[in-house]
Amino acid sequence: MRHNRASHYTAARRDETAPPAVSGTSIASDPMTRTDLHDSIRAVLWQGDHLRLLDQRRLPFEETAIDCRSAAEVAAAITDLVVRGAPAIGIAAAWGVVLAARADPATLPAALEQLRAARPTAVNLMWALDRMKRAIAAGADAAALAVEAQAIQDEDLAANRRMGELGAAQLGPAPVGVLTHCNTGSLATAGFGTALGVIRAGYAAGRIDRVYAGETRPWLQGARLTMWELARDGIPATLIADSAAAHLMKSGAVQWVIVGADRIAANGDTANKIGTYQLAIAARHHGVRFMVVAPSSTVDMTAASGAAIEIELRAATELLGYGGQRTVVDGAQAWNPVFDVTPAELIDVIVTERGVIERPAQTGLALQFGPPA
Ligand SMILES: CSC[C@@H](O)[C@@H](O)C(=O)COP(=O)(O)O
């Protein structure tokens, strides 16, 4: 393993013996630099002529990167969860557009379409592509598109820092226990994180003393990724099975559930990782408060309510086995929706970089985002 503290990742080198992690793409796989701070985690890194993605399917035990050299490779990496988390896939897609422009501007319409189809629920993907499309319409060349993609990435990091401050101010002052779901940290964003950014800021301010993370079946984003990020930061963290959440709340160990979002409708209904809805129901029953943290790029004012949000259904095989090993009897069927919608009535606070919306069911998002489109 080669370490290079001057850059975030070690230089990629083609490993002919490694199995292709994303079918049909050329992959350079190599260990990435290990550092100790969340600031050093970069899920998406532009390398001047290609895009380097930290392969999140292999964490926490392997820090390897995949180099994408075409929009098609970026789209495949998004679909296959090499890169995941609503803001991060929007950022990766923006760089995918840059790759298409550099290769041949004539391929841009097809590239935009292919990237848009990579995953259906996280609206940050469509938001970022629409922004790149507007830049193309305004005459941007590949270099100008790279500036736009970098701006999308930089603005996301700034939004996360701001949401961290705003969300942490909602807590305490006495330190609380917090439950989170999936992974909303540096890995899911340009850095720092949304819900995990609030947790980072809250812990730093002495307003959080313990974080519980649901494991997040079947891809284990909570177990593999959130626990990894929290361990690197030295934040006290306890993993729970997803099905232990109501029991945890009943014990009195948590006062807040803090989660991210993949799409927030105009009325405040929020799509997020499957299992979020049942956390919100259990939280309301136990008097535990429920906070959603997401940048404005996650807000979709064209969706009047959660009913308008497409929920991604993934392959049944993701549920029928574990670690490459089949665990369910042959011939069994499985249903694998990977997001659900939490109704606004169950949400106490929505935090975006524009501010805090308390009891969103009463006002919707119009206070910050204007009337529904
Ligand atoms: C800041 S990330 C917010 C959401 O994207 C996150 O909670 C989530 O549901 C991610 O799902 P994933 O399937 O891992 O992309």
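Reading the values: the criteria
Residues numbered from 1 in each chain as written. Predicted model: local features only at pLDDT ≥ 70, side-chain atom pairs only at ≥ 80, totals over all residues. Heavy atoms only, no water. UniProt positions renumbered as here; feature names shortened; annotations may be inferred. Phe/Tyr/Trp six-rings, centres within 6.5 Å; stacked < 30°, edge-to-face > 60°. Helix = DSSP H or I, 4+ residues; strand = E, 2+ residues; numbered from the N terminus. Buried < 20%, exposed > 50% of the residue type's maximum accessible area, 1.4 Å probe, protein only. Lys NZ or Arg CZ within 6 Å of the ring centre and 35° of its normal. Contact = heavy atoms within 4.5 Å. Near = heavy atom within 4 Å. Polar contact = N/O pair within 3.5 Å; in protein donor to acceptor, adjacent residues only side chain to side chain. Areas by Shrake-Rupley, 256 points an atom, 1.4 Å probe, with all protein chains shown as cover. Core = buried A, V, L, I, M, F, W, Y, C linked by side-chain atoms within 4.5 Å.

The protein chain appears in an unreviewed UniProt entry as Methylthioribose-1-phosphate isomerase from Dokdonella koreensis DS-123. Annotation of the protein chain in UniProt includes, under Pathway (unreviewed entry), the sentence "Amino-acid biosynthesis; L-methionine biosynthesis via salvage pathway; L-methionine from S-methyl-5-thio-alpha-D-ribose 1-phosphate: step 1/6." The heading Sequence similarities (unreviewed entry) in the UniProt record of the protein chain holds the text "Belongs to the EIF-2B alpha/beta/delta subunits family. MtnA subfamily."

Break down the packing of aromatic side chains for me, citing the residues and quoting the values.
Under the criterion given, the structure shown has one aromatic pair. Ring geometry for tryptophan 46 and tryptophan 95: centres 4.6 Å apart, planes at 10 degrees, overall stacked. Of the two residues, tryptophan 46 is situated in strand β1 (residues 44-46) and tryptophan 95 in helix α2 (residues 86-103); the sequence distance between them amounts to 49 residues. Residue classification places tryptophan 46 among the buried positions, given a relative accessible area of 19%. Above the plane of the ring of phenylalanine 192 lies arginine 161, whose end atom (NZ or CZ) is 4.5 Å from the centre. One residue, lysine 273, lies across the ring of phenylalanine 339, its end atom 4.4 Å from the ring centre.

Residues and numbers for the UniProt feature "site: Transition state stabilizer" (unreviewed entry) in the protein chain, please.
Residues annotated by UniProt as "site: Transition state stabilizer" (unreviewed entry) correspond here to Cys182. Tracing the chain through its elements places cysteine 182 in the loop between β4 (176-180) and α6 (195-204). Sequence-distant contacts of cysteine 182, defined by excluding residues within four places in its chain, comprise Arg84, Gly214, Thr216, Gln221, Gly222, Thr226 and Lys273.

I'd like a rundown of the site of the ligand, residues and numbers included.
The environment of the ligand is made up of 17 residues, and the closest members are Arg84, Arg119, Asp262, Asn272 and Lys273. A distance of 3.0 Å separates an oxygen atom of the ligand from a polar backbone atom of glycine 85. One nitrogen or oxygen atom from the side chain of aspartate 262 is found 2.8 Å from an oxygen atom belonging to the ligand. Alone, the ligand offers 420 Å² of accessible surface; in the complex the protein occludes 99% of this.

Explain the nonpolar core to me, using residue names and the numbers behind them.
Judged by nonpolar contacts, the single largest core of 44 residues is most densely connected at Val44, Leu51, Leu53, Ile78 and Trp95. Sorting the residues of this core by element identifies β1, β2 (51-54), β3 (65-68), α1 (71-79), α2, α3 (108-116), α4 (123-137) and α5 (142-168) as the ones contributing at least two each. No other element matches α2, which puts 13 residues into this core. Apart from residues no more than four positions distant in its own chain, leucine 53 is found in contact with Ala43, Val44, Thr64, Ala65, Ile66, Cys68, Ala77, Val82, Val83 and Ala92.

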